[in-house]
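Here is what each chain is made of, one letter per residue.
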Amino acid sequence: MSVQENKPEGVLLVDKPQGITSHDVVDRVRRIYQLKQVGHAGTLDPMATGLMIVLVGRATKISQFLMSLDKVYTGTITLGVETDSYDADGEVLDTKPVPELREESLMMSMAAFVGDQYQEPPMFSAKKIKGVPLYKMARKGKTVEREPRFIRVSKFEMKRFETPDIDFELACSKGTYVRSVAHDLGAKLECGAHLSALRRTKIDRFLISESHDLESLKEMSNADKRSVLIPVNKAVPSHVMS
């Protein structure tokens, strides 16, 4: 068996904690597996928690086949407060009184976001224009025109409403900014809003219940670390790696 064949490889489902970047997750997995060849198949904002697909060893080659999968999130939208990043990590731009809202009318407003649509990326995002990430321009107070991109929201349901917070579940396509949905809902309700909590619970058939947190991974034996890796041929169609 060659050295390359003996290295760990596969798809690792990680439960990302709050307050660190997706790049931090990849770095920690590199240290845990003592392997440089580690990547991911989709990021989460620092504020968000939940399911990340991390690719270990030669599994990094299948990134493009996992990036485009649909995703499911749960979270909380806080009405009455707008931030520059559309989430709780941003600076408050404006506060407005929250009108009295009936659950029925709120659910109708949320249902209007379901379907095919074009969404403008927020300025505080990693999307690049002429090679420069938008968030770097935003930090300098710049605002530039962003080309809307096609997305699909297949579910946007209220799970609990207690003014000013709406707990929700949202299912969507790749590239959907959930914090933009929160911001746009606030605009629709004419009181402003921001995303105050977000957790990714599902990526296609991969579930958060099947994931592992970084601390438990660190404590595993080498054999257990390998055993939790999903083989590439079980994660994608067999012809992908041929």
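Residues numbered from 1 in each chain as written. Predicted model: local features only at pLDDT ≥ 70, side-chain atom pairs only at ≥ 80, totals over all residues. Heavy atoms only, no water.

A look at the pairing of strand β4 (residues 71-79)
Along β4, 8 of the 9 residues are buried, which leaves the element largely enclosed by surrounding structure. Where β4 and strand β11 (residues 165-172) come together, 8 bridges link them in antiparallel fashion. Bridge pairing links Lys-71 to Cys-172 in β11. (Buried < 20%, exposed > 50% of the residue type's maximum accessible area, 1.4 Å probe, protein only. Helix = DSSP H or I, 4+ residues; strand = E, 2+ residues; numbered from the N terminus. Pairing = 2+ DSSP bridges.)

Points about helix α6 (residues 178-188)
Burial analysis of α6 places 8 of its 11 residues in the buried class, which makes it a mostly covered element. Every buried residue belonging to α6 is among Val-178, Arg-179, Ser-180, Val-181, Ala-182, His-183, Leu-185 and Gly-186, and all of these are buried. Against β4, α4 (103-111), β7 (115-119), β10 (149-162), β11 and β12 (193-203) lie the buried residues of α6. (Contact = heavy atoms within 4.5 Å.)

What about the side chain of Ser-22?
Tracing the sequence through the fold places Ser-22 in helix α2 (residues 22-33). A relative accessible area of 5% means that Ser-22 is categorised as buried. Beyond its immediate stretch of four places on either side in the chain, Ser-22 contacts Lys-16, Thr-43, Leu-44 and Met-52.

So, the pattern of salt bridges
Opposite charge on two side chains permits them to pair, given that their charged atoms come into close proximity. Within the structure shown, the criterion is met by 14 salt bridges. Close ionic contact of Glu-9 with Arg-58 constitutes a salt bridge, the shortest N to O distance being 2.7 Å. A residue pair is termed long-range when its members are at least 10 positions apart, and Glu-9 in the loop between α1 (3-6) and β1 (10-16) and Arg-58 in the loop between β3 (49-56) and α3 (63-66) qualify at 49 residues. Across the pair Asp-45 and Arg-179 runs a salt bridge, and its minimum N-O distance is 2.8 Å. In this pair, Asp-45 sits in the loop between β2 (38-40) and β3 while Arg-179 sits in helix α6, placing the two residues 134 residues apart along the sequence. The exposure class of Asp-45 is partly exposed, given its relative accessible area of 32%. Salt bridges linked by common partners bring Lys-155, Glu-157, Lys-159 and Glu-169 together as one network. (Salt bridge = Lys/Arg side-chain N within 4 Å of Asp/Glu carboxyl O.)

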